[in-house]
Protein chains: 4
Amino acid sequence: METKKSFVCDYSEGAHPRILERFIETNMVQCPGYGFDTFSDSAKAKIREAIGDPDADIFFLGGGTQTNSTIIATMLKPFDGVVAVQTGHIAVHEAGAVEYTGHKVLTIPGKDGKMDAETLSTYLEAFFDDGNHDHMVFPGMAYISFPTEYGTIYSKAEIEAIHSVCRDYSIPLFIDGARMGYGLKAEGGDITITDLKGLCEVFYFGGTKVGALCGEAVVFPHHGAPNHFFTMVKQHGALFAKGRLPGIQFDTLFTDGLYLKIAEGAVKRAILMKWIFRKYGYPLHMDSPTNQQFIILTDEQMAALSEYVKYEIWEPLPDGRTVVRFATSWATTDADIDFLEDVLKKIGPREG
Amino acid sequence: METKKSFVCDYSEGAHPRILERFIETNMVQCPGYGFDTFSDSAKAKIREAIGDPDADIFFLGGGTQTNSTIIATMLKPFDGVVAVQTGHIAVHEAGAVEYTGHKVLTIPGKDGKMDAETLSTYLEAFFDDGNHDHMVFPGMAYISFPTEYGTIYSKAEIEAIHSVCRDYSIPLFIDGARMGYGLKAEGGDITITDLKGLCEVFYFGGTKVGALCGEAVVFPHHGAPNHFFTMVKQHGALFAKGRLPGIQFDTLFTDGLYLKIAEGAVKRAILMKWIFRKYGYPLHMDSPTNQQFIILTDEQMAALSEYVKYEIWEPLPDGRTVVRFATSWATTDADIDFLEDVLKKIGPREG
Amino acid sequence: METKKSFVCDYSEGAHPRILERFIETNMVQCPGYGFDTFSDSAKAKIREAIGDPDADIFFLGGGTQTNSTIIATMLKPFDGVVAVQTGHIAVHEAGAVEYTGHKVLTIPGKDGKMDAETLSTYLEAFFDDGNHDHMVFPGMAYISFPTEYGTIYSKAEIEAIHSVCRDYSIPLFIDGARMGYGLKAEGGDITITDLKGLCEVFYFGGTKVGALCGEAVVFPHHGAPNHFFTMVKQHGALFAKGRLPGIQFDTLFTDGLYLKIAEGAVKRAILMKWIFRKYGYPLHMDSPTNQQFIILTDEQMAALSEYVKYEIWEPLPDGRTVVRFATSWATTDADIDFLEDVLKKIGPREG
Amino acid sequence: METKKSFVCDYSEGAHPRILERFIETNMVQCPGYGFDTFSDSAKAKIREAIGDPDADIFFLGGGTQTNSTIIATMLKPFDGVVAVQTGHIAVHEAGAVEYTGHKVLTIPGKDGKMDAETLSTYLEAFFDDGNHDHMVFPGMAYISFPTEYGTIYSKAEIEAIHSVCRDYSIPLFIDGARMGYGLKAEGGDITITDLKGLCEVFYFGGTKVGALCGEAVVFPHHGAPNHFFTMVKQHGALFAKGRLPGIQFDTLFTDGLYLKIAEGAVKRAILMKWIFRKYGYPLHMDSPTNQQFIILTDEQMAALSEYVKYEIWEPLPDGRTVVRFATSWATTDADIDFLEDVLKKIGPREG
């Protein structure tokens, strides 16, 4: 239990209250297992409507790592690897879950957590067009996160450019949407929820980090699911016996636009937070338009802040300072932001 | 949504109401992720106390298949397979999840879903003592389910005999406890919750089928967890970011003995159900002492029953009749059993 | 080094002398690596001509187990397993090599080492036509050995029946031909080398057990190779840098029909051997038409024979006697058979 | 078949003639299979003597990729990856064979193909000593090639420094010796064959590229083989049925020091070749002390040289020139080097 106000991450609290209410309302309804329940059906229908694709194939899995590894292992051919930027979540923080499925993560340089269409194009061209690479792992899919692990976003044109490169080489594009809501509601973003179906071959709406207790909604636009994906979900241990657990949650999140409302509230408060940090002279590591803000602190500032609030240590800088992360979520209130401002006012920038 | 009363399985409804109450009570408490929350800590302490092993290593995973494959893949050496009876869940109904980890399920004959110590001993003796088997898969673990997939149970002496064989050959015994509670409260059973720590090297308390929305509590008695099991859970996609989700559920299930109370109530009603089926002349496929009852029905009886209740088709018999399963759970009420009796009274045995 | 005449197996000696001669003749010819050498090209051309399929895709791998696991892992889809009889080599004696690739070996009962079309059909029908099996491993390929691990053979009609069942369910048939030559030259066999291309989707001509030092020639009839099979061979560690090693061997074996001549000679002597065993009253375990003969011996007979010759212990019988294997190869001479007859004459049947 | 003199690689010709002679001399000797033959025993004894380690465990496998993946998969724990420099063979040119076994190749920067002890130390320190990395792949082994993929070598002190870092973190060091001979006989090298046993936990003597037709001799010093490594070799498809094939070859290569004599001859001619290239004004990409020489050519020079000899294209340079490889082997003669000099004399440096 946190004794100080925590801005460590967007999964510190439980679930959006409406989800818990729905658990109670529906608790005694008897349903078939494994996702064949009414709630899952209803959730899928609402997601199809929200994204504007009546033909989308939709599956509910439990968490991000298992979703990534199940999708990647199922869609890659046996001689393929998945292309990601060096900071991609699958390349670093999933304990080798992709390699465990037998496939290499092929990394290319990124910037601020983002893949660049031209870098991807150069990479694929070198592989497929220049000489013979039959002793190497084939690039069989491109993976990007939206927003990225650094809270940054792509413009619609940027993803379209990446997708266009992928189509030139006939490989699918997979968008890891563990924080999809925050990307869709990002400051200055231009991708809407109905754009997604045309931007990639598969993406998911992350639940865990956008108001649910668990669960990710995987979407294959236009009947695009691989054969027997249900069985693959089972084989990868990602199938809930009580399919109602993700079903009810996503049904709630996609009722009256709750998913995007949660995201919008969190982003709004993160932008305020960014403004406050700047106002008190704290430099940003990156100008993030989403619910994660990356601030540069001196050791002295870290100590002073730690008396009042909790945050995530992100990475050390060569000059001895540290990048830290402050995140907002559905549970962050205006009062929390005011409290943070009071703290900053009190301690001042205290430069080292 | 089921429109008729369903006895299909023990995961038809949501969660035990006390769990949902606790979700609401704790919802705004901020916690670290990945199982380092207060609730998980508390749940572990309560489980350690319940089983009488202060040194047990405990981990919470999401579901049965991922729990089985993570444990098996982690504990086997690379030249090993896992020994199970031919009807074992891992051998049949997990879409090849164990093989996906690179290991063979070595099957031996069972009876009523149970492994026999002597059969196991003969198998291991033939492998390890008689000649050279370096071109074959080594038996590296024994796997049993308690209760079994057929609702049957082992006596304490039976598991001790199996465990003794395992120790003779220095291989661990793993007890799949997806329905552990029902085994511990089975009619005529003699295994208590404090016995478990001495009967095997690893077991789990299934939550999904005993009142939780999801979650399995894996127990390695006496500091027995393999090195870096946490990382293996992550690698296998079985780690919840919101560790509070299983944490709160198991904390609730192990408060005031709720887990065993749920199991006892379900078993009691299943035994009543068995008595009623017998009373009206319906033959049992097996004399199950747990919450799953296996009844033999003619086509005519199936049709008649299906007008009032739902049940699970289990397997066809050579004589044209069908084995079906009726299950009880925390949600089954005395009224449900009375209703079933009324139905049977109305339709009679109607033998074919 | 064997000090007594050995009939243990068909890989006791080195290579057919013509192969060694060719090694010497070609030794200083410089070639590209990895199978792009002249000898491999020539060998492929000769195999295409021998089987009557100018469009066959052909690859050379090193040994049986790696050939089996590479083919199976490449051709199965991720939710698939491979169907084999319980005595199939991949199911028993390959140290879990198929499971290591993540796929289950689905076993069905066989007879004398053979798969039966009807048993296969029943199995596939139960899986694909009767109810939903989405929690189970899909049968994605059928695997048979020709000849079988027991030296028995299929008639053309029998394999056609199996193949027809496979086509009904759109799964490929794979024929393990580690001893293909002996099958094609079997006593009473009716399958010719030009039949193979129409009987399955992939097969191989085993070299190791038919006169080569190593190497198996995998044939996908009619341009049937999976995409990038070359890369899969590399990934599975089955690609020789000196591709000339299998290339020269298969070029030699398929020059002037040497492969089939070797097989014919070995089979002829094995049939003689069978006749001699019978003549001296030794019961056969099976009436094998190929180069492996399975004889039933008492302990006394085993001891007596072991003073003169070596043979392979196959399996104990319930009555205390033992099945042993006597094998012939390219290196077995008429004098060896005469010697064996002299031994039998000397020791007599000595019934226990 | 190469119509021009080829310097493309060190596996262009067959085998050292003494090996072929031995094949013929031993061809009719009957042996048990799978490495239990006299020749393998003798080869192991000679290798043990050559390296000065009577307790070394030795296994013969078929080729480099399968040797690398079998060793790595067997020695890593399930949460581990293997650390290599970015240009390491396993990281680039083995078609994902390591990832196929479920393990990540963790790359660190190298220089001229070499790993640096300090870079490794920094990497391991950051992982093991600084903070918690339970969501990441553990570094479980270090992998280096001797000589490297660029023909460069380590000094004894350099490998000792790397080994010392490995021991500090209790991870094994694996030396890929696909071209081990050339490293041991490298110009200016100070590692002798008896040093190897103290420098790492496992290494191999590559046969394929040092005069054999195929085969790698894996050495675990001081009884260091992992349990049941034989079975792992089988599982990975790397076990020859005719174990005599590698056995005879390594027995020959380790008789009268042939292995090192082959390497010395090839290195001597490569150094001459380097001297000649320099003499005619061709810049070196790297000053390689082994049998592979890397020369920088303009397009014009490439065209001119290609009229007379064959070489390997290595990689393009940013300035438009190309790095090419010229390799020597047991089959390279003094006349071949003279021929190359004549060619260079004729065409001159022709700078672009």
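Everything quoted here is computed from the prediction, not taken from an experiment. (Residues numbered from 1 in each chain as written. Chains lettered and ligands numbered in written order. Predicted model: local features only at pLDDT ≥ 70, side-chain atom pairs only at ≥ 80, totals over all residues. Heavy atoms only, no water.)

### Things to note about the overall build of chain A
The number of helices and strands found in chain A is 14 helices and 12 strands. Taking 2.2 N^0.38 as the reference for a compact globule, 352 residues should give roughly 20 Å; the C-alpha atoms of chain A span a radius of gyration of 21 Å, in line with that estimate. Each principal axis of the C-alpha distribution contributes one length, and for chain A these read about 60 × 60 × 35 Å. Counting over 352 residues, chain A shows a buried share of 66%. For chain A, contacts bridging at least 24 residues in sequence account for 73% of all contacts bridging at least 6. (Helix = DSSP H or I, 4+ residues; strand = E, 2+ residues; numbered from the N terminus. Rg over C-alpha atoms; globule rule 2.2 N^0.38 Å. Buried < 20%, exposed > 50% of the residue type's maximum accessible area, 1.4 Å probe, protein only. Contact = heavy atoms within 4.5 Å.)

### Observations regarding helix α14 (residues 334-347) of chain D
Residue and element names in this part refer to chain D. With 14 residues, α14 should reach 20 Å at 1.5 Å per residue; the first-to-last C-alpha distance of 20 Å fits that figure. Buried within α14 are the following residues: Asp336, Ile337, Leu340, Glu341, Val343, Leu344 and Ile347. Buried residues in α14, looked at end-on, bunch into an arc of 160°, giving them a common side. Exposed and oriented more than 90 degrees from the buried face of α14 are Lys345 and Lys346. Structurally, α14 contributes buried residues whose contacts are with β1 (5-6), α12 (258-279), α13 (299-306), β10 (309-310) and β12 (322-327). Just past α14, the residue Gly348 takes up positive phi, approximately 70°. (Expected span 1.5 Å × (residues − 1). Arc of directions from axis to C-beta.)

### Here we look at the environment of C:Gly63
Mapped onto the secondary structure, C:Gly63 falls in the loop between β2 (57-61) and α3 (64-75). Along the sequence, C:Gly63 and C:Glu216 sit 153 residues apart, while their C-alpha atoms lie 6.0 Å from each other.

### As for the domain arrangement of chain A
All names here are of chain A. Domain assignment breaks chain A into domain 1 (5-12 + 259-347) and domain 2 (17-255). Once you take the C-alpha centre of each, domain 1 and domain 2 turn out to be 27 Å apart. Contact residues are listed per partner, giving 24 residues for domain 1 and 28 residues for domain 2. The junction of domain 1 with domain 2 conceals about 2100 Å² of combined surface from both sides, 66% of it contributed by carbon and sulfur atoms. Taken together, domain 1 and domain 2 are joined by 2 salt bridges. Residue Lys274 is joined to Glu187 by a salt bridge in which the shortest nitrogen-to-oxygen separation is 2.9 Å. (Domains from an automatic or database assignment. Buried area = accessible area lost by both parts, 1.4 Å probe. Salt bridge = Lys/Arg side-chain N within 4 Å of Asp/Glu carboxyl O.)

### Regarding the interface of chain A and chain B
Each side of the interface is counted separately: chain A has 51 residues, and chain B has 51 residues. Together chain A and chain B conceal approximately 4600 Å² of surface at their shared face, both sides included; 58% is due to carbon and sulfur atoms. Contributions of two or more residues to the side of chain A that touches chain B are made by β1 (5-6), α1 (17-26), α3 (64-75), α5 (97-100), α10 (229-235) and α11 (244-253) of chain A. If you tally residues by element for the side of chain A that touches chain B, the top one is α1(A), at 4 residues. Taken together, the residues of the side of chain A that touches chain B sort by class into 24 nonpolar, 18 polar and 9 charged. (Nonpolar A, V, L, I, M, F, W, Y, C, P; charged D, E, K, R; others polar.)

### Examining the interface of chain C and chain D
In this complex, chain C contributes 51 residues to the contact, which on the side of chain D involves 51 residues. Summing both partners gives a buried area of about 4600 Å² for chain C against chain D, and 58% of it is carried by carbon and sulfur. For the interface between chain C and chain D, the tally reads 0 salt bridges. Seen at the junction of chain C and chain D, the total is 26 residue pairs in polar contact (both at pLDDT 80 or more). Every element with two or more residues in the side of chain C that touches chain D is listed here: β1 (5-6), α1 (17-26), α3, α5 (97-100), α10 (229-235) and α11 (244-253) of chain C. Element by element, the count of residues in the side of chain C that touches chain D is highest for α1(C), at 4 residues. Grouping the amino acids of the side of chain C that touches chain D by side-chain chemistry returns 24 nonpolar, 18 polar and 9 charged. (Polar contact = N/O pair within 3.5 Å; in protein donor to acceptor, adjacent residues only side chain to side chain.)

### A closer look at the packing of aromatic side chains
Scanning all chains against the criterion turns up 102 aromatic pairs over all chains. Summarising the aromatic geometry, the rings of B:Phe174 and B:Tyr204 are spaced 6.1 Å apart at their centres and angled 35° between planes, so their arrangement reads as tilted. Linking B:Phe174 in strand β6 (residues 173-176) with B:Tyr204 in strand β7 (residues 202-206), this pair joins segments that are 30 residues apart in sequence. Across the pair, exposure class does not vary: B:Phe174 and B:Tyr204 are buried alike. Ring plane angle 85° and centroid distance 5.2 Å describe the contact between C:Phe203 and C:Phe205, whose orientation is recorded as edge-to-face. Each member of the pair, C:Phe203 as well as C:Phe205, carries the same accessibility label: buried. Three or more aromatic residues joined by ring pairs make a cluster, and in this case those are A:Phe60, A:Phe203, A:Phe205, A:Phe250, A:Phe254 and A:Tyr259. (Phe/Tyr/Trp six-rings, centres within 6.5 Å; stacked < 30°, edge-to-face > 60°.)

### A word on the relation of the copies chain C and chain D
For the pair chain C and chain D, the relating rotation is 180°, the translation along its axis is 0.0 Å, and the fit reaches an RMSD of 0.0 Å. One copy is carried onto the other by what is essentially a two-fold rotation axis. (Least-squares fit on C-alpha atoms with pLDDT ≥ 70 in both.)

### Re the environment of A:Leu184
All names here are of chain A. Note that Leu184 resides in helix α8 (residues 180-184). Overall, Leu184 belongs to the buried group, its relative accessible area being 11%. The spacing of Leu184 and Thr290 is 106 residues in sequence and 9.2 Å in space, taken between C-alpha atoms. Residue contacts for Leu184: discarding those within four places in its chain leaves Phe146, Ile191, Thr192, Ile193, Leu196, Phe205 and Leu260.

### A short note on the side chain of A:Lys5
Tracing the sequence through the fold places A:Lys5 in strand β1. Within the local environment of A:Lys5, its side chain forms a polar contact with the side chain of A:Asp336, the two groups lying 3.1 Å apart. Discounting chain neighbours no more than four positions away, the residues touching A:Lys5 are A:Glu13, A:Tyr308, A:Val309, A:Lys310, A:Asp336, A:Phe339 and B:Gln30.

### Side note on the sheet that holds strand β4 (residues 105-108) of chain D
Residues and elements named next belong to chain D. An order of β2-β8-β7-β6-β5-β3-β4 is seen for the 7 strands of this open sheet, with the pairing classed as mixed. A single partner strand is all that each edge strand has here, and the edge strands are β2 (57-61) and β4. Here the average twist between neighbouring strands, direction ignored, is 25°. Direction of pairing for strand β3 (residues 80-85) relative to strand β5 (residues 138-145): parallel, over a ladder of 4 bridges. Across the sheet, Val82 pairs through a bridge with Met141, a residue of β5. Contacts between helix α2 (residues 38-51) and the sheet are confined to β2, β7 (202-206) and β8 (216-220), with β2 contributing the most and set at about 125° to the helix. (Pairing = 2+ DSSP bridges. Axes fitted to C-alpha atoms, helices over the stretch in contact; angles between N-to-C directions.)

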